[in-house]
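Below, each chain spelled out in residue letters.
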Amino acid sequence: MYRSFFENNFDALILTNDDGDIFAANKAACRLFKSTEKQIIAKGRSGVVDMSDPRLQSVLKKRAEDGLVKERIRLKRGDNSTFEGEITTTFFTDDNGHKRTLITVRDVSGQFENEQQLKASKRQNEILISNLPGMVYRCLFDKKWTFIYVSEGSKLITGYSPEYFLENPDVSYAKLILQKYRNEIWDKWNTVVKQKSTFEAEYQITDSKGQVKWVWERGRPVFDSHGKLDYLEGYIEDITERKRTERDLIKFTRAVEQNMSSIVLTDINGNIEYANKAFFGMTGFNRTEAVGQNMRLLKSGLVAAGVYKDMWGTIMNGKTWRGELINKKKNGELFWVNKAISPILDSRGKISNFVSVAENITERKKAEEELIEAKERAEEVDRLKTAFLANMSHELRTPLNAVIGFSELIDEQMSKEQILEFSRTINQSGNHLLEIVEQIFDVSLLETGNLSVSFSDIDLVSLFGVLAQEVKKKQVKHDKENLSVDVKMPEGVQKFVIHTDRRRLMQVLLNLLDNAIKFTGKGSLQYGFKPENDKVLFWVKDTGIGISEEKQRMIFQMFNQVEQSYTRETGGIGIGLTVSQKLIELLGGKMWMESKMGQGSTFYFTVPQKEGA
Ligand code: ADP
């Protein structure tokens, strides 16, 4: 019965002694060791046990001491392959009084492998968890967030080791959380548990050293099979550095975005990647129009190619280029900028971008140009004034010399006729002097803005009657009686009344006519007036020497006459036309001229019919 029980047992059974001899092996044992009973018996212990297993000695020792063992050991099959086995031994003494051992052998390699795998994966998880930058936790859903488990990472983040947490109930995680976040987090977790969703939050904690840190947490509630909440688990990471970078980034972005200077970031080809508000304000382009476009967008075409060459050469060399450029806005308007372009290097020292900072200096440039112009003008006027003074002293001296010279010549021996002629000459020279003095007086009044005009109703027909007599006198004076003179007035008009300054109008007309007579050798003279809208147009036309185009440009300017004054035969100090034009402007009109060299000149001017029209 025992024999049958032994033979047919499902467990592998081996009958052996302390020396390692084997006396019997059942069928299951033969299957397990892949050998016949004979082979097993022949080889003994070394046939079925992997003798190199370090556990063997302690197993044998234990067995010798206790008799009963249940141990793991590596076993060997007939084909020399090994497997993890579990042996259970019992003792009995046979009929002959020999100590015998009955060993039950089980193949536990499957179980063993599972265990190994489990251990490996546990180890893996542990490594993973301990290598995480943050801390993994499992905690109760209580207001203290009592940890059931917390990983090593807690030391880095909170300054407390996991043990410290678990052993000291006073050091709750909740206490580390900054007061202002505590309720918010509690409420959030409540919702998450209710909705069985995921918790995620960024908040601040104080670590064991009292340092405030930013952390990011992500967690979830874990429920048992009945849907009851077991615990919460999740992960907490230190994001202080990230937050600082974020804050810095926001600060820098604002500093750039709100900068008064235009700031543009381009790639190495000059394609715009970013531009701040000031850039859009300055150029008129908006973000969508500018970003992605090349900086060429602003080219005015007025900058010399060499400037761009120098610019690219400098920045591609890793240096900053500075300069002034004229650029073009979206609407075509030109503007000046003071620009600085610097390369931005990547971590390997290669140019990755360019940053261009620009200031609109159009106003400054304009002011500069105006200043230069004003300076040049002032210098020109100064030059002209000096020459004018020299000329004027000459002009004054000529009639004055006549007055002094002729008056000295007069004595008692002179005939009445001679005295009369001399005094006529003295009178003429005196009048000429007076004319010059009056002109100078007008100029000084005009210069200081003190020349005033007095308006009254005047009849142009009668004024032109007086004018005709004056023209005759001037012809005589300048020896030009042969000139034919033609006067044009609106036809059939007996009277033409306008409201203006009679004396000044007369002065201007006389000045123009004087010039026309002076500068016309032979030929004709025409002057007249006609109404034009609410104004009256006057003109004085001659067929004289004409005025060169170059001279026309400056004829109305003060002291224009200076240059040729010494060479010309005709008198005059070169301010008649200037004074005339200014006077006409004071009367509310305009003066201009047309002329061709050698063919003659026409001077035009308008005067309002009524004051202020
Ligand atoms: P001036 O007192 O020297 O006549 P004006 O201002 O009246 O000063 O004239 C300036 C200059 O312009 C003259 O000296 C002359 O060279 C030129 N000019 C003026 N009117 C005429 C004209 N009708 N024909 C040719 N040249 C003229």
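Each residue is numbered by its place in its chain's sequence as written, counting from 1. Whole-chain, interface and lining totals are the exception, using all residues; otherwise, since this is a predicted model, local features are given only for residues with pLDDT of at least 70 and side-chain atom pairs are given and counted only at 80 or more. Side-chain numbers here rest on the full set of heavy atoms in the structure, without hydrogens or water.

A.B. asks: What is the right way to read the confidence of the model for the protein from this model?
C.D. replies: Fine structural detail should not be taken from predicted coordinates in areas where pLDDT scores are low. Residues with a pLDDT of 70 or more make up 97% of the protein, whose mean pLDDT is 90. The quantity called pLDDT is the predictor's confidence in a given residue, expressed from 0 to 100. Where helices and strands are cited, they refer to DSSP runs of H or I of at least four residues and of E of at least two residues respectively, numbered from the N terminus. The spread of mean pLDDT over the elements of the protein runs between helix α20 (residues 562–565), the lowest at 46, and strand β20 (residues 535–542), the highest at 97. Residue contacts are defined here by distance: any two heavy atoms, one from each residue, within 4.5 Å place the two residues in contact. Considering only residues more than four positions removed or in separate chains, one finds that residues 562–569, a stretch of pLDDT under 50, has 14 contacts.

A.B. asks: Sorry if this is basic, but what is going on with the packing of helix α18 (residues 502–518) against helix α21 (residues 576–586) here?
C.D. replies: If you want to describe how two helices pack, look at the angle between their axes and the distance between the axes. Helix axes are fitted only over the stretch in contact, all axes being lines through C-alpha atoms; the angle between N-to-C directions runs from 0 to 180 degrees. Packing of α18 against α21 leaves a shortest axis separation of 10 Å and a crossing angle of 145°. Read as a crossing pair, α18 and α21 show a hand that is left-handed. Contacts from Arg504, Gln507, Val508, Asn511, Leu512 and Asn515 of α18 reach α21 at Gly576, Leu577, Val579, Ser580, Leu583 and Ile584. Charged residues are taken to be Asp, Glu, Lys and Arg, nonpolar residues to be Ala, Val, Leu, Ile, Met, Phe, Trp, Tyr, Cys and Pro, and polar residues to be all remaining types, Gly included. Per-class residue counts for the contact of α18 with α21 are 6 nonpolar, 5 polar and 1 charged. Left-handed is the label given to a crossing in which the near helix is rotated counterclockwise from the far helix by less than a right angle, and right-handed is the label when the rotation is clockwise.

A.B. asks: What is the right way to read the environment of Gln179 from this model?
C.D. replies: If you trace the backbone, Gln179 turns up in helix α10 (residues 179–195). The spatial distance from the C-alpha of Gln179 to the C-alpha of Glu324 is 56 Å, given a sequence separation of 145 residues.

A.B. asks: What exactly am I supposed to notice about the nonpolar core here?
C.D. replies: Side chains that are nonpolar tend, in soluble globular proteins, to be buried together. In terms of nonpolar packing, the biggest core is built from 44 residues, with Leu460, Leu505, Phe538 and Phe605 touching the most fellow members. The dominant element in this core, judged by the number of residues it contributes, is α18, at 9 residues. If we ignore the near neighbours within four places in the chain, the residues touching Leu460 are Phe496, Ile498, Leu505, Phe529, Val536 and Phe538. Formed by 33 residues, the second largest nonpolar core is a distinct cluster that contains Tyr137, Phe147, Ile205 and Leu232. Here, nonpolar core means buried Ala, Val, Leu, Ile, Met, Phe, Trp, Tyr and Cys residues that are tied together by side-chain atoms lying within 4.5 Å of each other. Whether a residue is buried, partly exposed or exposed follows from its accessible area with a 1.4 Å probe, protein chains only, as a fraction of its type maximum: under 20%, in between, or over 50%, in that order.

A.B. asks: Sorry, what's going on with unusual backbone geometry here?
C.D. replies: Negative phi values dominate among residues other than glycine, just as trans dominates among peptide bonds. The phi torsion at Asn80 lies on the positive side, around 75°, for a residue other than glycine. Secondary-structure assignment places Asn80 in the loop between β3 (69–76) and β4 (82–93). The exposed category is assigned to Asn80, whose relative accessible area is 55%. For Trp145, which is not glycine, the phi dihedral falls at a positive 55°.

A.B. asks: Help me out: how do you make sense of the pattern of salt bridges in this one?
C.D. replies: Salt bridges are counted wherever a side-chain nitrogen of Lys or Arg sits within 4 Å of a carboxyl oxygen of Asp or Glu. Applying the stated rule across the entire model yields 37 salt bridges. Across the pair Glu380 and Arg383 runs a salt bridge, and its minimum N-O distance is 2.8 Å. Separated by 3 residues within a single helix, Glu380 and Arg383 lie in helix α15 (residues 362–409), roughly one turn from each other. Accessibility expressed as a relative area gives 27% for Glu380, which makes it partly exposed. Arg383 sits in the partly exposed class, given a relative accessible area of 45%. Taken together, the shared-partner salt bridges connect Glu202, Arg242, Lys243 and Glu246 into one network.

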